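The chain contents come next:
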Amino acid sequence: MLANVYLKTLRDLRRGLVGWSLGIAALVGIMVALWPTVRDIDIAGLIDQYPEAMREMFNIDQIATGAGFLNTELFSWLLPVMFITYGVGVGARLLAHEEESGTMDVLLSTPISRTTLLVHKAGAAATGLLLLAIVLFISTWGLAGLADMGVTAGYAAGASLAMLLLGLLFGGIAFAITAATGRRALAIAISVSLAVVGYVLYAAASFVDAIASWDWLTPFQHAIGVGPAATGQGGMPRGYLWLAIGAVIVVVISRPVFRRRDIVT
């Protein structure tokens, strides 16, 4: 009997986690290796060529510093894409795979309740994202320290937390949709579409005054709108709390739907 679905799910995820961890560490390493070249360039003249809205959206004005460089090149778009991709992929697969492979009925024939199954699966997905965030923190702080980029532990922790929360939110949405429908493709399509729309709104708010007041609707404004560099200087942004609450809510509301749904195997 699979008394602990959480640990089994983590074992199933271990190979993917190793690959994603290596990819994140390598990406940070590449950017850190590029820093000496960027540091020696006359940044001021280059920055002036960017539109003001783009400078604000990507915090390009900070690129002359090590933390600002990582913020612009990594934490404003590349790493959010990676964490959201992993979160959505795992969130959509964990329950759907059990149904597609015909093992869901085996799980539910044991004393494990549907609620327990849901909690263990969601917990394993969240743990996977947390492990990736820890790898990101260690890579950012450690490698940037070796390159003397002036990156503090507070910056690395705050920036890594922002990526974790984005992954948890959109991964939670995918998980909830799969719990409600059992359809992996639908969960991925909706979650990715919401992420794209959210980022477009976040970007457009920097260029279009008419929608600037609506930027609070997008998770990206709360996660990266102030730039992760700010998290190490004045505490964690309040928006991080809203992202965490949102991730919990979407998983919680999936429970009653999953408990009532007919499982097809």
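One can find the structure itself at the top, above this paragraph.
Residues numbered from 1 in each chain as written. Predicted model: local features only at pLDDT ≥ 70, side-chain atom pairs only at ≥ 80, totals over all residues. Heavy atoms only, no water.

**Details of the nonpolar core**
Point 1. In terms of nonpolar packing, the biggest core is built from 53 residues, with Leu 70, Phe 75, Leu 79, Phe 83 and Phe 170 touching the most fellow members.
Point 2. Element by element, the count of residues in this core is highest for helix α8 (residues 153-181), at 12 residues.
Point 3. With 11 residues, the next largest nonpolar core counts Leu 107, Leu 117, Ala 122 and Ala 179 among its residues. (Core = buried A, V, L, I, M, F, W, Y, C linked by side-chain atoms within 4.5 Å. Buried < 20%, exposed > 50% of the residue type's maximum accessible area, 1.4 Å probe, protein only. Helix = DSSP H or I, 4+ residues; strand = E, 2+ residues; numbered from the N terminus.)

**Notes on helix α9 (residues 184-207)**
Point 1. Under the 1.5 Å per step criterion, the end-to-end length of α9 is 35 Å for 24 residues, consistent within 8% with the ideal 34 Å.
Point 2. Of all the positions in α9, only Ala 187, Ser 191, Ala 195, Gly 198, Tyr 202, Ala 203, Ala 205 and Ser 206 are classed as buried. (Expected span 1.5 Å × (residues − 1).)

**Brief notes about α8**
Point 1. For α8, with 29 residues, the first-to-last C-alpha span of 42 Å sits near the 42 Å given by 1.5 Å per residue.
Point 2. Burial runs high along α8: 22 of the 29 residues are buried.
Point 3. Directly beyond the C-terminal end of α8, a positive phi value near 75 degrees is found at Gly 182.

**What about the packing of helix α1 (residues 5-39) against helix α5 (residues 78-100)?**
Point 1. Running from N to C, α1 and α5 cross one another at 170 degrees; their axes reach a closest spacing of 12 Å. By the angle class used here, α1 and α5 are roughly antiparallel. Counted together, Thr 9, Leu 13, Leu 17, Trp 20, Gly 23, Ile 24, Leu 27 and Met 31 of α1 and Leu 78, Leu 79, Met 82, Phe 83, Thr 85, Tyr 86, Val 90, Arg 93 and Leu 94 of α5 form the full contact between these two elements.
Point 2. Taken together, the residues of the contact of α1 with α5 break down into 13 nonpolar, 3 polar and 1 charged. (Axes fitted to C-alpha atoms, helices over the stretch in contact; angles between N-to-C directions. Parallel < 35°, antiparallel > 145°, perpendicular 65-115°, else oblique. Contact = heavy atoms within 4.5 Å. Nonpolar A, V, L, I, M, F, W, Y, C, P; charged D, E, K, R; others polar.)

**Remarks on the environment of Gly 89**
Point 1. Checked against the element boundaries, Gly 89 lands in helix α5.
Point 2. In this structure, the C-alpha to C-alpha distance between Gly 89 and Phe 170, residues 81 residues apart in sequence, is 9.8 Å.

**A few points about the side chain of Ser 21**
Point 1. Following the sequence through the fold, Ser 21 ends up in helix α1.
Point 2. A distance of 2.7 Å separates a polar side-chain atom of Ser 21 from the backbone oxygen of Leu 17.
Point 3. Beyond its immediate sequence surroundings of up to four residues, Ser 21 is in contact with Leu 132 and Val 135. (Polar contact = N/O pair within 3.5 Å; in protein donor to acceptor, adjacent residues only side chain to side chain.)

**Concerning the packing of aromatic side chains**
Each aromatic ring pair is characterised by the separation of its centres together with the angle its planes make.
Point 1. Under the counting rule described, the total for this entry stands at 7 aromatic pairs.
Point 2. Aromatic pair Trp 20 and Tyr 86: ring centres 5.4 Å apart, planes at 70 degrees, arrangement edge-to-face. Here Tyr 86 lies in helix α5 and Trp 20 lies in helix α1, a separation of 66 residues in the sequence.
Point 3. Taking the relative accessible area as the measure of exposure, Trp 20 reaches 26% and is therefore partly exposed. (Phe/Tyr/Trp six-rings, centres within 6.5 Å; stacked < 30°, edge-to-face > 60°.)

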